[in-house]
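Chains, contacts and geometry: an overview
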Amino acid sequence: MSTTYHSEVDEIIDALRSLASQCRVETAYWIATPDGEYESQNGSDWCRDCGMAKLRNLRKHDRRRADEYILDGGWVSEHDTPPMCAHCGVKLKATLLAYGGIYELEHFRDNPPAPGDVNHAYEISEMLSAFQYTRAEHDSLAKEAIEIGLALVSAMAVPA
Ligand SMILES: [Zn+2]
């Protein structure tokens, strides 16, 4: 299957980089237990501090198998939605797959990003990364995402 490479994505991400780099983003961790990955109501990804706290708590309630609870991760993995810490909600580093880009696009389509907002700059960059290469069925979504990104960049260029 052929893919389209969208070169505008690099330009927009470059233009947003100094702003996006100020967004607080933590490394993602997850908790392996003897019964599989630990899932909370808010998901299964954690920042390091919250993951460690949850790990201690789980071990305390299952002392016999405490050694089998492990904080795993610490590297960037692929996600269909932008991950947040299950406890404190901080953004976690991830590679967004196409569906993650679509998820962000559906948000920004109705809620345009604010020029100068570090979180939006980061989220728009993440969204666009997911649309860097698209299959034909996602080309029109990529175009829409790029238009949102270009609108943000040009709004930032206007002196307030
Ligand atoms: Zn946290």
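1. Thoughts on the coordination of the zinc ion
Taken together, Cys-47 (SG), Cys-50 (SG), Cys-85 (SG) and Cys-88 (SG) make up the protein donors of the zinc ion, found 2.3 Å from the metal. Taken together, the four donor atoms surrounding the zinc ion define angles of 98 to 116 degrees at the centre, an arrangement classified as tetrahedral. When the donor residues of the zinc ion are listed from N- to C-terminus, their spacing reads C-x2-C-x34-C-x2-C. Like Cys-47, the residue Cys-50 is buried in the burial classification.

2. As for the nonpolar core
Of all hydrophobic cores here, the largest spans 23 residues; its most connected members are Leu-16, Leu-105, Ile-124, Met-127, Leu-128, Phe-131 and Ala-145. Contributing elements (two or more residues each) for this core: helix H1 (8-20), helix H3 (98-110), helix H4 (118-130) and helix H5 (139-157). Leaving out residues up to four positions away in the same chain, Ile-124 has contacts with Leu-16, Phe-108, Pro-113, Ile-148, Gly-149 and Leu-152. The next biggest cluster of nonpolar side chains, apart from the first, holds 15 residues, and it includes Leu-55, Leu-58, Tyr-69 and Leu-71.

3. Some thoughts on the pairing of strand E5 (residues 70-73)
The alternating pattern of E5 places Leu-71 and Gly-73 on a buried face and Ile-70 and Asp-72 on a face that is not buried. Examined bridge by bridge, strand E3 (residues 29-33) and E5 share four bridges and lie antiparallel to one another. Opposite Trp-30, over in E5, you have Asp-72 as the bridge partner.

4. Points about the pairing of E3
Among the five residues that make up E3, four are buried, leaving the element largely enclosed by the rest of the structure. If you look at the hairpin formed by E3 and strand E4 (residues 36-37), you'll find two residues sitting between the two strands.

5. Details of the packing of H3 against H5
Between H3 and H5, the shortest axis-to-axis distance is 10 Å and the interhelical angle comes to 50 degrees. With respect to each other, H3 and H5 are oriented oblique. For H3 against H5, the interelement crossing comes out left-handed. On H5, the residues that touch Ile-102, Leu-105, Phe-108 and Arg-109 of H3 are Leu-141, Glu-144, Ala-145 and Ile-148. Tallied by class, residues from the contact of H3 with H5 come to six nonpolar, no polar and two charged.

6. Quick notes on the state of the cysteines
Per the stated rule, a full pass over the model turns up zero disulfides. Free of any disulfide, Cys-23 has its nearest cysteine sulfur in Cys-88, 13 Å distant. By relative accessible area, Cys-23 is classed as buried at 8%.

7. Topic: the domain arrangement of the protein chain
Partitioning the protein chain into domains gives domain 1 (3-24 + 93-157) and domain 2 (28-75). Using C-alpha coordinates to define each centre, domain 1 is positioned 32 Å away from domain 2.

8. Here's the deal with the side chain of Asp-62
Position of Asp-62 among the secondary structure elements: in the loop between helix H2 (48-60) and E5. Not counting the four nearest positions on each side in its chain, Asp-62 is found in contact with Pro-34 and Tyr-69.

9. Re the pattern of salt bridges
Summed over all chains, the structure comprises seven salt bridges. Where Glu-26 meets Arg-24, a salt bridge forms, and the shortest distance between an N and an O atom there is 3.1 Å. The residue Arg-109 makes a salt bridge to Glu-144 at a minimum N-O spacing of 2.7 Å. Of the two residues, Arg-109 sits in helix H3 while Glu-144 sits in helix H5, which places them 35 residues apart along the sequence. On the accessibility criterion, Arg-109 (39% relative accessible area) is partly exposed. Glu-144 gets classed as partly exposed once you look at its relative accessible area, which sits at 25%. Overlapping salt bridges bring together Asp-35, Asp-62 and Arg-65 as one network.

Cut-off values and rules
- Residues numbered from 1 in each chain as written.
- Predicted model: local features only at pLDDT ≥ 70, side-chain atom pairs only at ≥ 80, totals over all residues.
- Heavy atoms only, no water.
- Donors = N, O, S within 2.8 Å, 3.2 Å for Na, K, Ca; no water.
- Tetrahedral: all angles 85-135°; square planar, octahedral: opposite > 155°, others 65-115°.
- Buried < 20%, exposed > 50% of the residue type's maximum accessible area, 1.4 Å probe, protein only.
- Core = buried A, V, L, I, M, F, W, Y, C linked by side-chain atoms within 4.5 Å.
- Helix = DSSP H or I, 4+ residues; strand = E, 2+ residues; numbered from the N terminus.
- Contact = heavy atoms within 4.5 Å.
- Pairing = 2+ DSSP bridges.
- Axes fitted to C-alpha atoms, helices over the stretch in contact; angles between N-to-C directions.
- Parallel < 35°, antiparallel > 145°, perpendicular 65-115°, else oblique.
- Left-handed = near helix turned anticlockwise from the far one by under 90°.
- Nonpolar A, V, L, I, M, F, W, Y, C, P; charged D, E, K, R; others polar.
- Disulfide = S-S within 2.5 Å.
- Domains from an automatic or database assignment.
- Salt bridge = Lys/Arg side-chain N within 4 Å of Asp/Glu carboxyl O.

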